[in-house]
Amino acid sequence: MGATNGGPAPDVSAIAARPGPGSHRTTLVVDGRRIETLVDLPPLRNKLLFVGLNPSPVSVAAGHYHQGRLGQTFWRRLIAAKILPKDTAVETADDALLAAGHGITDLLKLPTARDTASDADLTAGVGALWQKIAIWRPAAIVFVYKRAASIAAGRPLAEKWGQLAGVALAGRPCFLMPGPYAPREEVDEGLNFIRNLGASLPD
């Protein structure tokens, strides 16, 4: 399968499939090289799609999204926001996310150490993200990190969390999780917003 720096050219039949629980490690060809990465976990229609930067090597080795220290904080925040059940194990939280009908992907499928992917490589994944959103048709996009949101929006963003004014991908509204080092009060406000967003979705 051909590829750009952002990942392989999307195959409609492949990216529409929802995998079952278990290891989500897969092998892709990127720029002529075979790499181990994490497969996309598509949401059900009208559920939430969470978007990160790119997988970390520790997450790829584990076969599950967001298994580094900051990544596991993301899962604990989704538990606090009642997007995931309170008894969710963070080591396999992406399976619980799938079971709840939501999904997760990255701008870039090439694994790198934390936040070392270039802006150019991340930007190359925006087109593929648009296509996935158009096929999956989630209710909303929730960016895990502000850098991913800014790159997808094509401009700096003033918002620290919540809905991103004037930003939509494939007609879907975009939101931002609180930053990993945000003050506690800001995190609580942001997670309350995400909790209300999840509660507003159709069953």
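For the structure, see preceding data.
First, a word on scope: everything that follows refers to the structure included in this document. (Residues numbered from 1 in each chain as written. Predicted model: local features only at pLDDT ≥ 70, side-chain atom pairs only at ≥ 80, totals over all residues. Heavy atoms only, no water.)

1. Comments concerning helix α7 (residues 146-153)
Then comes step 1: Among all positions of α7, only A148, A149, S150, I151 and A152 are buried.
Then comes step 2: Residues of α7 that are buried in the fold lie against β5 (48-52), α5 (119-123), α6 (126-136), β7 (140-143), β8 (162-169) and β9 (172-176).
Then comes step 3: Phi turns positive one or two residues past the end of α7, at G154, with a value near 80°. (Buried < 20%, exposed > 50% of the residue type's maximum accessible area, 1.4 Å probe, protein only. Helix = DSSP H or I, 4+ residues; strand = E, 2+ residues; numbered from the N terminus. Contact = heavy atoms within 4.5 Å.)

2. Describing the sheet that holds strand β6 (residues 103-106)
Then comes step 1: A sheet is described by the order of its strands in space; here five strands give the open sequence β6-β5-β7-β9-β8, paired in mixed fashion. Each of the sheet's edge strands pairs with one partner strand only, and the pair in question is β6 and β8. Neighbour to neighbour, the strand axes of the sheet diverge by 30° on average, direction disregarded. (Pairing = 2+ DSSP bridges. Axes fitted to C-alpha atoms, helices over the stretch in contact; angles between N-to-C directions.)

3. A look at α6
Then comes step 1: The complete set of buried residues in α6 reads V126, A128, L129, K132, I133 and W136. The arc enclosing the buried residues of α6, seen along the axis, measures out at 155°, which places them on a common side.
Then comes step 2: The first or second residue beyond α6 is R137, which carries a positive phi of 55°. (Arc of directions from axis to C-beta.)

4. Examining the nonpolar core
Then comes step 1: One finds F50, W75, L78 and F143 to be the most contacted residues of the largest nonpolar core, which totals 59 residues.
Then comes step 2: Per-element accounting of this core gives the leading share, five residues, to helix α3 (residues 69-80).
Then comes step 3: When residues no more than four places from it in sequence are discounted, the contact partners of F50 are F74, L78, I83, L97, H102, G103, I104, T105, V142, V144 and M177. (Core = buried A, V, L, I, M, F, W, Y, C linked by side-chain atoms within 4.5 Å.)

5. Considerations on the pairing of strand β3 (residues 25-30)
Working note: regular strand, side chains alternate between the two faces of the sheet.
Then comes step 1: Alignment of β3 against strand β4 (residues 33-38), held across six bridges, turns out to be antiparallel. In the sheet register, V30 faces β4, and the bridge partner there is R33.
Then comes step 2: The turn joining β3 and β4, which pair antiparallel and follow one another in sequence, is formed by two residues; a positive phi near 50° is taken by D31.

6. Quick notes on the environment of E36
Then comes step 1: By the secondary structure assignment, E36 is in strand β4.
Then comes step 2: With 75 residues separating them along the chain, E36 and P111 place their C-alpha atoms 8.0 Å apart.
Then comes step 3: Dropping the residues within four chain positions of it, E36 is found in contact with R25, T26, T27, V60 and P111.

7. Description of unusual backbone geometry
Then comes step 1: In this structure, K82 takes a positive phi of about 65° despite not being glycine.
Then comes step 2: Following the sequence through the fold, K82 ends up in the loop between α3 and α4 (93-99).
Then comes step 3: Although it is not a glycine, A170 sits at a positive phi angle of roughly 50°.
Then comes step 4: Residue classification places A170 among the partly exposed positions, given a relative accessible area of 25%.

8. A short note on the pattern of salt bridges
Then comes step 1: In this structure the tally under the stated criterion is seven salt bridges.
Then comes step 2: Here R25 ties to E36 by a salt bridge, and the two come within 4.0 Å at their closest N and O atoms. Of this pair, R25 sits in strand β3 while E36 is found in strand β4, placing the two residues 11 residues apart along the sequence.
Then comes step 3: R25 sits in the partly exposed class, given a relative accessible area of 37%.
Then comes step 4: With a shortest N-O distance of 2.8 Å, D40 and K132 are connected by a salt bridge. Here the residue D40 occupies a position in the loop between β4 and β5, and K132 occupies one in helix α6, the gap between them amounting to 92 residues.
Then comes step 5: Judged by its relative accessible area of 11%, D40 falls in the buried class.
Then comes step 6: Through salt bridges with shared partners, a single network forms among D40, D106, K109 and K132. (Salt bridge = Lys/Arg side-chain N within 4 Å of Asp/Glu carboxyl O.)

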